[in-house]
Protein chains: 2
Amino acid sequence: MLKEKYSQYSFILDRTARRVKQYAQTSFLQNAFDITIDQWSILKILFHADPMTHKELAEKSGKDQPTLTRIVDIIIKKQLAERIEHPQDRRSLQIRLTASGEKKVAQLSPAVKNIRMKAWENLSEEDFGHFTRILNTIYNNLDQ
Amino acid sequence: MLKEKYSQYSFILDRTARRVKQYAQTSFLQNAFDITIDQWSILKILFHADPMTHKELAEKSGKDQPTLTRIVDIIIKKQLAERIEHPQDRRSLQIRLTASGEKKVAQLSPAVKNIRMKAWENLSEEDFGHFTRILNTIYNNLDQ
DNA sequence: TAGCAATTATTAGTGTGACAACTAATTTAA
DNA sequence: TTAAATTAGTTGTCACACTAATAATTGCTA
(Lines give C-alpha, C1' and ligand atoms only; values in the text may rest on other atoms or scores of the structure.)
Protein backbone atom coordinates (compact mmCIF):
# COMPACT_ATOMS: atom_id res chain seq x y z
CA MET A 1 0.00 0.00 0.00
CA LEU A 2 1.31 3.38 -0.99
CA LYS A 3 0.30 5.25 2.11
CA GLU A 4 1.56 8.59 0.92
CA LYS A 5 -0.62 8.40 -2.18
CA TYR A 6 -3.72 7.02 -0.51
CA SER A 7 -3.58 9.60 2.24
CA GLN A 8 -4.47 12.25 -0.32
CA TYR A 9 -8.05 11.02 -0.43
CA SER A 10 -9.04 13.07 2.58
CA PHE A 11 -7.97 16.25 0.86
CA ILE A 12 -9.98 15.44 -2.27
CA LEU A 13 -13.00 14.38 -0.26
CA ASP A 14 -12.96 17.46 1.92
CA ARG A 15 -12.52 19.97 -0.87
CA THR A 16 -15.19 18.34 -3.04
CA ALA A 17 -17.70 18.28 -0.19
CA ARG A 18 -16.99 21.93 0.50
CA ARG A 19 -17.37 22.92 -3.13
CA VAL A 20 -20.67 21.06 -3.48
CA LYS A 21 -21.97 22.82 -0.41
CA GLN A 22 -20.67 26.17 -1.53
CA TYR A 23 -22.08 25.80 -5.04
CA ALA A 24 -25.53 25.01 -3.70
CA GLN A 25 -25.36 27.80 -1.16
CA THR A 26 -24.36 30.35 -3.78
CA SER A 27 -27.22 29.21 -6.01
CA PHE A 28 -29.63 29.52 -3.09
CA LEU A 29 -28.39 33.05 -2.51
CA GLN A 30 -28.64 34.09 -6.14
CA ASN A 31 -32.17 32.79 -6.32
CA ALA A 32 -33.09 34.47 -3.03
CA PHE A 33 -34.22 31.20 -1.47
CA ASP A 34 -33.49 32.80 1.88
CA ILE A 35 -32.33 29.59 3.59
CA THR A 36 -29.07 27.67 3.85
CA ILE A 37 -28.60 24.19 2.40
CA ASP A 38 -28.45 22.67 5.87
CA GLN A 39 -31.77 24.32 6.72
CA TRP A 40 -33.08 22.99 3.41
CA SER A 41 -32.01 19.45 4.23
CA ILE A 42 -34.02 19.56 7.44
CA LEU A 43 -37.09 21.05 5.79
CA LYS A 44 -36.99 18.40 3.10
CA ILE A 45 -36.91 15.56 5.60
CA LEU A 46 -39.84 17.07 7.49
CA PHE A 47 -41.77 17.49 4.27
CA HIS A 48 -41.86 13.74 3.78
CA ALA A 49 -42.28 12.65 7.36
CA ASP A 50 -43.42 15.18 9.87
CA PRO A 51 -43.92 15.44 12.72
CA MET A 52 -40.62 14.05 14.01
CA THR A 53 -38.75 14.42 17.27
CA HIS A 54 -35.37 16.12 17.44
CA LYS A 55 -33.74 12.78 17.95
CA GLU A 56 -35.30 11.17 14.90
CA LEU A 57 -34.51 14.22 12.84
CA ALA A 58 -30.90 14.23 14.00
CA GLU A 59 -30.48 10.60 12.98
CA LYS A 60 -32.17 11.01 9.64
CA SER A 61 -30.17 14.12 8.77
CA GLY A 62 -26.86 12.79 10.08
CA LYS A 63 -26.42 15.81 12.31
CA ASP A 64 -25.79 15.75 16.01
CA GLN A 65 -28.40 17.02 18.42
CA PRO A 66 -26.84 20.35 19.34
CA THR A 67 -26.39 21.24 15.68
CA LEU A 68 -29.92 20.20 14.94
CA THR A 69 -31.34 22.25 17.78
CA ARG A 70 -29.72 25.36 16.35
CA ILE A 71 -30.91 24.74 12.82
CA VAL A 72 -34.43 24.07 14.07
CA ASP A 73 -34.28 27.30 16.08
CA ILE A 74 -33.54 29.19 12.88
CA ILE A 75 -36.23 27.61 10.72
CA ILE A 76 -38.72 28.24 13.51
CA LYS A 77 -37.67 31.86 13.68
CA LYS A 78 -38.33 31.98 9.94
CA GLN A 79 -41.76 30.51 10.66
CA LEU A 80 -41.16 27.54 8.40
CA ALA A 81 -41.62 25.00 11.20
CA GLU A 82 -42.94 24.74 14.74
CA ARG A 83 -42.32 22.69 17.88
CA ILE A 84 -45.19 20.76 19.40
CA GLU A 85 -45.33 18.65 22.54
CA HIS A 86 -44.94 14.92 22.24
CA PRO A 87 -48.23 13.26 23.19
CA GLN A 88 -46.61 10.54 25.33
CA ASP A 89 -43.19 11.78 26.42
CA ARG A 90 -42.88 15.18 28.00
CA ARG A 91 -39.10 15.20 27.51
CA SER A 92 -39.68 15.08 23.81
CA LEU A 93 -40.68 17.68 21.27
CA GLN A 94 -41.95 17.10 17.79
CA ILE A 95 -41.19 19.38 14.90
CA ARG A 96 -43.48 19.89 11.96
CA LEU A 97 -43.63 22.23 9.03
CA THR A 98 -45.95 25.21 9.02
CA ALA A 99 -48.10 25.86 5.96
CA SER A 100 -45.48 28.37 4.92
CA GLY A 101 -42.76 25.73 5.33
CA GLU A 102 -44.62 23.21 3.19
CA LYS A 103 -45.14 25.79 0.52
CA LYS A 104 -41.45 26.65 0.56
CA VAL A 105 -40.36 23.04 0.07
CA ALA A 106 -42.85 22.48 -2.72
CA GLN A 107 -41.80 25.66 -4.48
CA LEU A 108 -38.06 25.16 -4.22
CA SER A 109 -37.78 21.41 -4.85
CA PRO A 110 -37.45 21.46 -8.65
CA ALA A 111 -34.85 24.21 -8.62
CA VAL A 112 -32.82 22.49 -5.92
CA LYS A 113 -32.77 19.27 -7.92
CA ASN A 114 -31.42 21.08 -10.95
CA ILE A 115 -28.72 22.72 -8.86
CA ARG A 116 -27.75 19.34 -7.45
CA MET A 117 -27.62 17.67 -10.86
CA LYS A 118 -24.92 19.95 -12.22
CA ALA A 119 -22.34 17.99 -10.26
CA TRP A 120 -23.07 14.86 -12.32
CA GLU A 121 -22.24 16.20 -15.75
CA ASN A 122 -19.81 13.87 -17.54
CA LEU A 123 -20.54 11.08 -15.10
CA SER A 124 -22.53 7.90 -15.62
CA GLU A 125 -25.02 5.74 -13.84
CA GLU A 126 -22.14 3.37 -13.14
CA ASP A 127 -20.10 6.16 -11.60
CA PHE A 128 -22.98 6.89 -9.30
CA GLY A 129 -22.85 3.28 -8.17
CA HIS A 130 -19.12 3.45 -7.48
CA PHE A 131 -19.57 6.73 -5.69
CA THR A 132 -22.18 5.51 -3.24
CA ARG A 133 -20.47 2.16 -2.69
CA ILE A 134 -17.03 3.64 -2.00
CA LEU A 135 -18.19 6.50 0.17
CA ASN A 136 -20.47 4.29 2.20
CA THR A 137 -17.66 1.78 2.68
CA ILE A 138 -15.42 4.55 4.00
CA TYR A 139 -18.24 5.74 6.21
CA ASN A 140 -18.70 2.29 7.67
CA ASN A 141 -14.98 1.64 8.04
CA LEU A 142 -14.76 4.56 10.39
CA ASP A 143 -17.80 3.59 12.40
CA GLN A 144 -16.87 2.82 15.95
CA MET B 1 -32.06 10.96 -15.25
CA LEU B 2 -33.56 10.08 -11.91
CA LYS B 3 -33.07 13.38 -10.22
CA GLU B 4 -34.54 12.34 -6.92
CA LYS B 5 -32.10 9.47 -6.61
CA TYR B 6 -29.02 11.32 -7.80
CA SER B 7 -29.70 14.23 -5.53
CA GLN B 8 -28.87 12.00 -2.58
CA TYR B 9 -25.17 12.16 -3.42
CA SER B 10 -24.70 15.41 -1.56
CA PHE B 11 -25.92 13.83 1.66
CA ILE B 12 -23.58 10.87 1.30
CA LEU B 13 -20.66 13.09 0.36
CA ASP B 14 -21.19 15.46 3.23
CA ARG B 15 -21.65 12.86 5.91
CA THR B 16 -18.63 10.86 4.73
CA ALA B 17 -16.41 13.93 4.67
CA ARG B 18 -17.55 14.82 8.17
CA ARG B 19 -16.93 11.34 9.49
CA VAL B 20 -13.43 11.20 7.96
CA LYS B 21 -12.62 14.51 9.56
CA GLN B 22 -14.12 13.54 12.88
CA TYR B 23 -12.36 10.18 12.94
CA ALA B 24 -9.00 11.82 12.35
CA GLN B 25 -9.70 14.54 14.87
CA THR B 26 -10.69 12.04 17.54
CA SER B 27 -7.52 10.05 16.88
CA PHE B 28 -5.47 13.24 17.16
CA LEU B 29 -7.12 13.95 20.47
CA GLN B 30 -6.61 10.46 21.87
CA ASN B 31 -2.95 10.58 20.92
CA ALA B 32 -2.58 14.08 22.38
CA PHE B 33 -1.27 15.50 19.09
CA ASP B 34 -2.53 18.85 20.31
CA ILE B 35 -3.52 20.17 16.85
CA THR B 36 -6.57 19.91 14.62
CA ILE B 37 -6.47 18.10 11.27
CA ASP B 38 -6.83 21.38 9.43
CA GLN B 39 -3.84 22.75 11.28
CA TRP B 40 -2.03 19.54 10.41
CA SER B 41 -2.81 19.94 6.70
CA ILE B 42 -1.18 23.36 6.72
CA LEU B 43 1.88 22.21 8.66
CA LYS B 44 2.37 19.34 6.26
CA ILE B 45 2.32 21.58 3.19
CA LEU B 46 4.82 23.92 4.80
CA PHE B 47 7.05 21.00 5.72
CA HIS B 48 7.63 20.24 2.06
CA ALA B 49 7.74 23.75 0.67
CA ASP B 50 8.30 26.57 3.08
CA PRO B 51 8.42 29.49 3.12
CA MET B 52 5.16 30.25 1.32
CA THR B 53 2.88 33.28 1.20
CA HIS B 54 -0.66 33.17 2.55
CA LYS B 55 -1.97 33.22 -0.97
CA GLU B 56 0.11 30.28 -2.14
CA LEU B 57 -0.75 28.36 0.99
CA ALA B 58 -4.45 29.06 0.54
CA GLU B 59 -4.35 27.71 -3.01
CA LYS B 60 -2.32 24.65 -2.14
CA SER B 61 -4.50 23.77 0.84
CA GLY B 62 -7.78 24.54 -0.92
CA LYS B 63 -8.83 26.90 1.86
CA ASP B 64 -9.93 30.49 1.42
CA GLN B 65 -7.78 33.28 2.70
CA PRO B 66 -9.76 34.29 5.78
CA THR B 67 -9.83 30.68 6.96
CA LEU B 68 -6.14 30.34 6.28
CA THR B 69 -5.30 33.49 8.22
CA ARG B 70 -7.03 32.09 11.29
CA ILE B 71 -5.38 28.70 11.07
CA VAL B 72 -1.99 30.34 10.63
CA ASP B 73 -2.70 32.56 13.64
CA ILE B 74 -3.29 29.45 15.71
CA ILE B 75 -0.22 27.52 14.62
CA ILE B 76 1.87 30.63 15.24
CA LYS B 77 0.42 30.95 18.71
CA LYS B 78 1.48 27.35 19.23
CA GLN B 79 4.97 28.35 18.04
CA LEU B 80 4.92 25.81 15.24
CA ALA B 81 5.34 28.44 12.49
CA GLU B 82 6.26 32.07 12.05
CA ARG B 83 5.51 34.93 9.67
CA ILE B 84 8.33 36.67 7.89
CA GLU B 85 8.30 39.62 5.52
CA HIS B 86 8.34 38.95 1.81
CA PRO B 87 11.66 40.13 0.40
CA GLN B 88 10.11 41.82 -2.66
CA ASP B 89 6.48 42.59 -1.85
CA ARG B 90 5.65 44.43 1.32
CA ARG B 91 1.96 43.51 1.04
CA SER B 92 2.92 39.89 1.34
CA LEU B 93 3.95 37.72 4.26
CA GLN B 94 5.68 34.39 4.12
CA ILE B 95 5.04 31.60 6.57
CA ARG B 96 7.59 29.00 7.57
CA LEU B 97 7.83 26.29 10.15
CA THR B 98 9.83 26.79 13.31
CA ALA B 99 12.23 24.07 14.45
CA SER B 100 9.48 22.92 16.77
CA GLY B 101 7.02 22.80 13.86
CA GLU B 102 9.34 20.70 11.74
CA LYS B 103 9.89 18.31 14.60
CA LYS B 104 6.14 17.99 15.08
CA VAL B 105 5.50 17.09 11.44
CA ALA B 106 8.32 14.57 11.38
CA GLN B 107 7.12 12.95 14.60
CA LEU B 108 3.45 12.74 13.72
CA SER B 109 3.63 11.77 10.03
CA PRO B 110 3.71 7.99 10.40
CA ALA B 111 0.84 7.93 12.88
CA VAL B 112 -1.27 10.23 10.73
CA LYS B 113 -0.79 7.99 7.71
CA ASN B 114 -2.00 4.99 9.67
CA ILE B 115 -5.04 6.89 10.86
CA ARG B 116 -5.83 7.89 7.29
CA MET B 117 -5.46 4.39 5.92
CA LYS B 118 -8.23 2.92 8.04
CA ALA B 119 -10.78 4.43 5.67
CA TRP B 120 -9.54 2.22 2.82
CA GLU B 121 -10.16 -1.17 4.36
CA ASN B 122 -12.15 -3.39 1.98
CA LEU B 123 -11.40 -1.08 -0.94
CA SER B 124 -9.05 -1.64 -3.86
CA GLU B 125 -6.52 0.22 -5.91
CA GLU B 126 -9.20 0.42 -8.60
CA ASP B 127 -11.66 1.96 -6.16
CA PHE B 128 -9.12 4.60 -5.34
CA GLY B 129 -8.97 5.41 -9.05
CA HIS B 130 -12.75 5.72 -9.30
CA PHE B 131 -12.83 7.80 -6.15
CA THR B 132 -10.34 10.40 -7.32
CA ARG B 133 -11.76 10.52 -10.83
CA ILE B 134 -15.38 10.95 -9.78
CA LEU B 135 -14.72 13.44 -7.01
CA ASN B 136 -12.43 15.52 -9.16
CA THR B 137 -14.99 15.52 -11.95
CA ILE B 138 -17.62 16.82 -9.55
CA TYR B 139 -15.17 19.38 -8.27
CA ASN B 140 -14.47 20.62 -11.77
CA ASN B 141 -18.13 20.56 -12.81
CA LEU B 142 -18.84 23.11 -10.12
CA ASP B 143 -15.83 25.28 -10.91
CA GLN B 144 -16.37 28.92 -11.69
C1' DT C 1 4.08 60.39 -12.94
C1' DA C 2 -0.43 60.88 -10.86
C1' DG C 3 -4.34 58.46 -10.38
C1' DC C 4 -6.75 54.34 -10.21
C1' DA C 5 -7.44 49.41 -10.48
C1' DA C 6 -5.73 45.09 -8.84
C1' DT C 7 -3.59 42.37 -5.26
C1' DT C 8 -2.44 40.65 -0.37
C1' DA C 9 -3.85 40.04 3.97
C1' DT C 10 -7.05 40.96 7.70
C1' DT C 11 -11.47 41.73 10.21
C1' DA C 12 -16.44 41.25 11.00
C1' DG C 13 -20.55 38.59 10.74
C1' DT C 14 -23.25 34.43 10.11
C1' DG C 15 -23.79 29.52 9.94
C1' DT C 16 -22.30 24.92 10.94
C1' DG C 17 -19.79 20.93 13.45
C1' DA C 18 -17.94 18.54 17.50
C1' DC C 19 -17.67 18.04 22.27
C1' DA C 20 -18.82 18.72 27.14
C1' DA C 21 -21.85 20.00 30.61
C1' DC C 22 -26.33 20.86 32.04
C1' DT C 23 -31.74 20.54 33.04
C1' DA C 24 -35.81 18.06 33.05
C1' DA C 25 -38.28 13.92 32.46
C1' DT C 26 -38.55 8.99 32.29
C1' DT C 27 -37.14 4.29 33.17
C1' DT C 28 -34.73 0.82 35.98
C1' DA C 29 -33.63 -1.56 39.75
C1' DA C 30 -32.57 -2.03 44.64
C1' DT D 1 -41.20 3.11 46.00
C1' DT D 2 -37.58 5.82 46.04
C1' DA D 3 -32.67 6.34 44.38
C1' DA D 4 -29.83 5.76 40.39
C1' DA D 5 -29.23 5.50 35.59
C1' DT D 6 -30.75 6.82 31.16
C1' DT D 7 -32.75 9.77 27.67
C1' DA D 8 -34.26 14.30 25.18
C1' DG D 9 -33.10 18.57 24.42
C1' DT D 10 -30.40 22.92 25.21
C1' DT D 11 -26.42 25.89 26.02
C1' DG D 12 -21.51 27.13 25.88
C1' DT D 13 -17.05 26.93 23.75
C1' DC D 14 -13.83 26.38 20.17
C1' DA D 15 -12.70 25.65 15.30
C1' DC D 16 -13.66 26.14 10.44
C1' DA D 17 -16.10 27.95 5.90
C1' DC D 18 -17.80 31.54 3.30
C1' DT D 19 -19.08 36.43 2.17
C1' DA D 20 -18.33 41.17 2.30
C1' DA D 21 -15.75 45.01 3.54
C1' DT D 22 -11.36 47.27 4.61
C1' DA D 23 -6.33 48.75 4.75
C1' DA D 24 -1.98 48.73 2.72
C1' DT D 25 0.76 48.18 -1.19
C1' DT D 26 1.82 47.52 -5.96
C1' DG D 27 1.48 48.12 -10.86
C1' DC D 28 -0.59 49.78 -14.92
C1' DT D 29 -1.82 53.54 -17.89
C1' DA D 30 -3.27 57.77 -19.61
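Residues numbered from 1 in each chain as written. Chains lettered and ligands numbered in written order. Predicted model: local features only at pLDDT ≥ 70, side-chain atom pairs only at ≥ 80, totals over all residues. Heavy atoms only, no water.

The feature "domain: HTH marR-type" (unreviewed entry), as annotated in UniProt, sits at residues 6–140 of chain A in this numbering. Regarding residues 6–140 of chain A, the helix share stands at 68% and the strand share at 9%, and the terminal C-alpha atoms are separated by 18 Å. (UniProt positions renumbered as here; feature names shortened; annotations may be inferred. Helix = DSSP H or I, 4+ residues; strand = E, 2+ residues; numbered from the N terminus.)

Turning next to the pattern of salt bridges. Applying the stated criterion across every chain, the model contains 20 salt bridges over all chains. Ionic pairing is found between A:R83 and A:D73, a salt bridge with its closest N-O pair at 2.8 Å. Here the residue A:R83 occupies a position in strand β2 (residues 81–85), and A:D73 occupies one in helix α5 (residues 65–77), the gap between them amounting to ten residues. With a relative accessible area of 32%, A:R83 lands in the partly exposed category. The class of A:D73 is partly exposed, set by a relative accessible area of 37%. Salt-bridge contacts for B:R133 lead to A:D127; the nearest nitrogen and oxygen are separated by 2.8 Å. Note that B:R133 is positioned in helix α7 (residues 125–141) and A:D127 in helix α7 (residues 125–141), a pairing that runs across two chains. Classification of B:R133 by relative accessible area gives partly exposed; the value is 35%. Connected through salt bridges with shared partners, the residues A:K21, A:D38 and A:K63 form a single ionic network. (Salt bridge = Lys/Arg side-chain N within 4 Å of Asp/Glu carboxyl O. Buried < 20%, exposed > 50% of the residue type's maximum accessible area, 1.4 Å probe, protein only.)

Glancing now at the protein's contact with DNA strand C. Lining the immediate surroundings of DNA strand C are 28 residues, of which A:T36, A:T67, B:H54, B:K55 and B:T69 lie closest. Backbone sugar and phosphate groups make up 75% of those atoms of DNA strand C lying within 4 Å of the protein. The side chain of A:T36 places a nitrogen or oxygen atom 2.3 Å from a phosphate oxygen of DNA strand C. Within the side chain of A:Q39, one N or O atom sits 3.5 Å away from a phosphate oxygen of DNA strand C. Mapped onto the surface near DNA strand C, the elements with two or more residues apiece are α3 (37–49) and α5 of chain A together with α2 (9–30), α4 (54–61) and α5 (65–77) of chain B. Take the surface near DNA strand C: its biggest share by element is five residues, from α5(A). (Near = heavy atom within 4 Å. Polar contact = N/O pair within 3.5 Å; in protein donor to acceptor, adjacent residues only side chain to side chain.)

This paragraph deals with the packing of aromatic side chains. If you walk through the whole model with that rule in mind, you get twelve aromatic pairs over all chains. The interplanar angle of 80° and the centroid separation of 5.3 Å between the aromatic rings of B:W120 and B:F131 together place this pair among those described as edge-to-face. A residue pair is termed long-range when its members are at least 10 positions apart, and B:W120 in the loop between α6 (99–117) and α7 and B:F131 in helix α7 qualify at eleven residues. Ring pairing ties together the aromatic residues A:Y9, B:W120, B:F128 and B:F131, which thus form one cluster. Note that A:R19 overlies the ring of B:Y139, its terminal NZ or CZ placed 3.7 Å from the centroid. (Phe/Tyr/Trp six-rings, centres within 6.5 Å; stacked < 30°, edge-to-face > 60°. Lys NZ or Arg CZ within 6 Å of the ring centre and 35° of its normal.)

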